[in-house]
Structures are given as C-alpha cells and as structure tokens.
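# Geometric and topological summary
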Amino acid sequence: MALGDNPRICEVHAHPVGRDAIDKVLLQMGRSRHWVTNPLVSSLRLRTVARLAEPLVGPRFADALLELLADHPSVVTTGSSRTQGRSEDPWWRTAVFYQVYPRSFADSDGDGIGDLRGIIDHLDHLRDLGVDCLWLSPIFDSPNEDAGYDVRDYRAVMSEMGTLDDLDALIAGCHERGMRIILDLVVNHTSHEHAWFQAAIADPDGPYGDYYHLRPGRPGEDGTGPPPNNWTSFFGGSAWRWIPQARRWALHLFAEGQMDLNWENPAVRAEVADIVQWWRSRGIDGFRLDVINYISKRPGLPDGDEAIGALIGFPGIEHYFFGPRLHEYLHELRGAGFTRDDSDPPPTSTVRARRDDQSVGEPQPPDRVGVMVGETPGVGIEMGRLLSGAGREELDLVFNFDVLDGPGRIRWDDYRYDLAYLKDFLIEQQSRIGADDRVALFLDNHDNPRMLSKVLGPRDRDPVARSAVAKLLATIQLTLPGTPFLYQGQEIGAADQRFDSIDQLRDVESLNRHRELLADGLDAAGALAGVVPGARDHARVPMRWQPGPGHGFTTGVAWQPSVEESSGFTVEEQQDDPDSVLSFHRDLIRLRRQHTTLADGAVRFPDRRSRRWFGWVLADRDGRDEWLVELNLTDRRIRRPRHFVGRTEVELASLAGPGFHRPGVTRRGPWMGPYETVIARITH
Ligand code: ISL
C-alpha cells in the first residue's frame, strides 16, 4: 500500500518502519509509546505533526521518513518455519549462546593477551555451564585499531591469539563436547591494511577501486576542502578520510582505519559469501554479523538531515542504518554463503549430539544453513521482524539495542537503569513478535557497561545485591521466550570497573571521545566523567578465574590491567558453592534443558502494570506443563501482587538463608525478598 505524500499518523504507524521510527523518537524524548495510539494524535496528518515537532525533528523529517518507508515492505508477512512440526525446529531456537571476548578470556602463553589455546583450556567450564554455542568476538588477523573489528585478512588468525591449527583444535574441542561455535563476521568494513583496500588506493580506477566508497575531492581540492557528505563517524569526526595517495576520500563509519565496503558491487558480495563458505567448510557453525544493517547505503550517499542527525546523534544515519537493498543482500548472502549444497564436501567437523545426561553422542550431519545472528544497532521491533521473522530467509536472530538504556538515556549517561523499563520493553517485544519468531535475549556484551552495574550503581560491590541481581538478569535471559546470549563474566556476576584515569582505558571509541570532550573545553575531570559511564572497557577487562594476581587470566601483565578486586566473584570461589551466581546459571540451564517448556513454552504476563513485580507463566502446547517465573524488581521486600495461580512447587530460587524460598517448597508466602527470583512449577 503506497502511503502517499501526507499520510495520517495511524497509517505511518501501521508501517513496520514507521512504527519503529515513531517509537524511537518517543523513546528518545522519554515519552510513552502509547502517546501515538491516542485517537486524536493518530488521525492527524504526518506533516501536521512534523510541523508541530519541527523544533525537535527539523523541517525535513517527514520527507526523510517517507523515503525510508518506501524502501521496505509495508507489512511484516512472516511465514512459518515450523509448519512441518517440531522436528523442523532449528537448533538455535532453544540454544544457550555464550559470547567470548577472546582478548580477555584466558591467556595461555603469558603475553597478557587472551588466546585460542586459553579458550581451549576452559572449554569444560563452558560445557559444565551448559552452553550450546560459543560466539567468539574477532580473532582474524587485524592491526587492532578497534580490537579486531578491523580485519586485515579474513582467512588468518591474529598472531597474538594463535594459529589456524589452534582454531581447528578449538572447533574440534567444541564439537567434541556437544557445543557449536560461531565467529564474528565484520564485513561492513575492512581494515585499511586489508589487501583489497591497499589495491583500491593504489589504483582507484582499477578492479578494487569499487570495493570501497572512494570519492574524488571536489574540483581543485586536495583533501583540505569539505568531504563528500556530512556523515559522521561513530568514533568521532567526519566519516570521510582523505587518502592522498589515491586522491580520494574514503568512507569509514567507524574508526579511521575501518573502511566501509561497497556492497553495491557484486564482487564484494561474492567475496563475503566465499569467506563464509570457507569457514563453514572448516566446521564453523555460523556467524554473528557485525553492524550488518549498515551495509546498504542510499545510492549517491546524500547528505544526512541535520535535525535527524542531531536527534539521533549521527548525521547521515537515515541513509544507511536500514538501507534500500538490505533485505536483498542478506537473502543473497544466506543462499550463497550460509546454505550448503548437497554437493558441498562435508565440513571438517560437526557437533556431536548432547544427551540429557550431558554425555555426547555421534557427530551430527552438517546444518543445512549456518546460523546468522545480526548485530543491528538502531533496528526496532518491527524492523527486526522484517530481518529475522520466521520464513523471511534473511537473518535468524537480531539484537535489539533498545533494551540497553532507559527512555531518554544514552550509554554515556550516568544513571540508574530502571528494571521496570526492562519489564515494559520485554513485554512489548514478546507481544509483538510472531508466534514462530525468535528474538535474541542479551543484556551484556563487549560494547556496553554491565547491566548489573547499571541497575545497582555503586551498590554493585554489595555481594548480596550483586548476586541477587545477577541471578534475576539470568532468569530473564534464560526463561523468557527467546535465544539467550550470555556474555563472559555474567555467570559469575561480573561488574563494572572503577576507572579513575583515562590511562586505564584502551578502547579507541573512549579515547577519541575523551579527546573531543577536552577539545570542547571540558576539564580533565569533566572529560573523564563524560566517558567512564559508557566506556566499553568495563566489559573488556580480563575474566576472573581465581583470586590473586592475574586472576588466573594471565601469568604476565594483562593488556587491560583494571580488574576489580572484590572477593567472591571469581569462577574458583563460586564453583562449589551451591548458592553462587555460577551455580544458579548452571542449575537454571540444566532445568531448561530438562523442561522444554522453560526454553520454548508459550508465555503470558499476569499483572503487567506492576512496577515492582515481574512474572510470567510458561506453558507447553497442550497446557499440561506450566511454570511460573517471578522477580522482585526492587531492592526492598515486596508483597506478591496476589496468588493468581494454584499450587506451585519451587524448583529454583535465588536468595539463600532463612525466610526465603528454597527448592521443594510448595507454598509461596506473601513476600519476596529484594531482587528475589523464584522459578516454580505449577502443580494445580
Ligand atoms: O558505539 C556504538 C555506537 O556508538 C556501539 O554501540 C557499537 O559501535 C555498535 O553497536 C557497533 O558495534 C560493532 O561494530 C563496531 C565495533 O567497534 C563493535 O565492537 C562491534 O560490536 C565496529 O565494527
């Protein structure tokens, strides 16, 4: 359905991209998304509202929005991937993923940098935890301007992390233990040291010139004039860098050495598909695709709207975050790279089946399609469905980043995250996705401060609150419908650092931001305060395996030296403690393996409005197996809303000590302790 030049707000809202765009603006303004469904507002014309909101959204908002909407399907029509019955379910539907940040996981050779052998040494930890699939952040050869997210060679391992042989051993080690393994595919950009870029700038008119976005300077210019458009880099400054050797500008949405590939060029797309196939045949089970929603840029790379740029923080973003050919490229890559032909030789190794008792069986036949997990910043719920809805044949799962910060907040703000917002967001997300759709559930990753610390603030060093919130967050990820992605350290309640000097930070994004804040006139303390709350280093410090120097991460000097010292939050200390955060994760993952309703049941949410209590009921298809999961979202004792279910039997609960729920208890009393989590089977 064409929307015309001036649709009503309700028509815009009925379009998936329109709905997400409106939600985004409201979230940014800190307004309720229900504001727009008010009949008065929804019957207004887009241009009328845009005119009223012009001080905020600028004069071209309506045009920019309509242009974006025209590029995408106007309804989410997702087929079912499960029409053939449950045997068709892809493995990743009920899998537990675990993100390893290899640089900080385990260092086997004492050079202070985590490596592949270090991961191999700890595979039993992951198997015992119950992980089904590892995702490794980048390990490909890289000059490391952005910690491996700038790839120099997609078929070689970064020398400080090991060799291809080590990687083969790691793949085999995972598969032998019944775990799959996926890698990070960073193909929106390559390093400027990649052979393609070097060839491109040596001969911009040659075959590689069109692999990137290279633009001549305007007449008479030598790079001192304005760049080709007003787009800015996520890591500060213009998104264009002048390459004197080539007499061309080169586009880089991220760091200066991360050159954006030109996906309009079919040769680029064929190269990417080839890389994927190469790794698939080596036994890699799929990829997480870095900023994959940025690959299609609007032809001509027009200037971004200044007002939208100011609103979102990144001028130009409307021309590439959900570009016109995105669906086409993803579908093509799925077929050409991720899907096996029957005639393809079998991969070097495949995962072994894992039985309920945790023993392993025979190697499985190769998956027909490698899993595609999209990292999709800026993509809302409906856009996510367009990319990963069942039967769309684009991505399998996407990360929705709206979960990470509350209304009107951004990552750099110093604030306490409100768990009631998390509840609202998750209920909204769950109620809008299709019955056969699946979302990725994540709260931590290598790009964000720890959710635990955002919730607790300085109280994150209080061991009781820290453990309780870690368990509460685990329960959300592991029992709401969706595919959980745990990030290393979550299983032991890892918290943020107390950075007090810029010298403790290593990340290019933070260092650039700090320099910009100083240049803007902030003093040293102000600039530091503008960086620390959102610094990506928080989650990149070494894993804490044991107490003491090096924390079992390294025998040398860790590349990121700021590891917190609080006791009780290492793997060794938690390993045998039945009440530890680690044991809770292990128990919960075991429970969801035993009771598929917990991993894949239908959900309903009683008492949606409570700001203090968050609960859900999970039921299997015939409604015979029913579970109640409930959380106290506050740091105080609360009264349960009311007893809306009959008898229950507690299977897992988070608080130790007298007065709290313990497994085996059949009567849940009227009270819940601070941040308490209870997982109970409904016995009627
Ligand atoms: O900083 C962002 C935008 O300001 C981040 O949230 C992040 O850069 C964005 O989510 C994209 O992240 C991914 O691509 C980047 C890389 O630096 C991140 O580590 C990666 O996860 C560029 O490759």
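Heads up: these notes are all about the structure in this document.

Cut-offs used in this document
Residues numbered from 1 in each chain as written. Predicted model: local features only at pLDDT ≥ 70, side-chain atom pairs only at ≥ 80, totals over all residues. Heavy atoms only, no water. Pairing = 2+ DSSP bridges. Helix = DSSP H or I, 4+ residues; strand = E, 2+ residues; numbered from the N terminus. Salt bridge = Lys/Arg side-chain N within 4 Å of Asp/Glu carboxyl O. Buried < 20%, exposed > 50% of the residue type's maximum accessible area, 1.4 Å probe, protein only. Polar contact = N/O pair within 3.5 Å; in protein donor to acceptor, adjacent residues only side chain to side chain. Contact = heavy atoms within 4.5 Å. Near = heavy atom within 4 Å. Areas by Shrake-Rupley, 256 points an atom, 1.4 Å probe, with all protein chains shown as cover. Nonpolar A, V, L, I, M, F, W, Y, C, P; charged D, E, K, R; others polar. Axes fitted to C-alpha atoms, helices over the stretch in contact; angles between N-to-C directions. Parallel < 35°, antiparallel > 145°, perpendicular 65-115°, else oblique. Left-handed = near helix turned anticlockwise from the far one by under 90°.

So, on to the sheet that holds strand β2 (residues 133-136). An order of β15-β14-β11-β5-β2-β1-β17-β16 is seen for the eight strands of this open sheet, with the pairing classed as parallel. Every other strand in the sheet has two partners, leaving β15 (397-399) and β16 (440-441) as the edge strands with one partner each. Inspection of the sheet shows strand β14 (residues 371-375) paired to β15 by three bridges, in the parallel sense. Directly across from Val373, in β15, lies its bridge partner Leu397.

For the coordinates displayed, the defined rule picks out 62 salt bridges. Between Asp20 and Arg432 there is a salt bridge, and its shortest N-O distance comes to 3.7 Å. On the criterion of sequence distance, the pair formed by Asp20 in helix α2 (residues 16-29) and Arg432 in helix α15 (residues 419-432) is long-range, its members being 412 residues apart. Judged by relative accessible area, which is 6%, Asp20 ranks as buried. Residue class for Arg432 comes out buried when judged on its relative accessible area of 11%. Ionic pairing is found between Arg155 and Asp274, a salt bridge with its closest N-O pair at 3.3 Å.

This part covers the side chain of Arg640. You can see Arg640 is positioned in the loop between β21 (638-639) and β22 (648-653). Looking at Arg640, the relative accessible area reads 5%, which means it is buried. Separated by 3.3 Å, the side chain of Arg640 and the backbone oxygen of Trp671 make a polar contact. If near-sequence neighbours (up to four positions away) are discounted, Arg640 is found in contact with Glu630, His661, Arg668, Gly669, Pro670, Trp671, Met672 and Val678.

Near the ligand lie 19 residues; those nearest to it are Asp146, Asp290, Arg411, Asp447 and Glu509. At a separation of 2.7 Å, an oxygen atom of the ligand approaches a polar side-chain atom of Glu509. Calculation on the ligand without its partners gives an accessible area of 490 Å², and the protein chains cover 92% of this total. Across the shell around the ligand, the residue classes tally to seven nonpolar, three polar and nine charged.

What follows concerns the packing of α2 against helix α6 (residues 61-70). Contact geometry of α2 with α6 gives a least axis separation of 9 Å together with a crossing angle of 140°. If you check the angle between α2 and α6, you find them oblique. The hand of the α2/α6 crossing is right-handed. Across the interface between the two elements, Val17, Gly18, Ala21 and Val25 from α2 touch Phe61, Leu65, Leu68 and Leu69 from α6.

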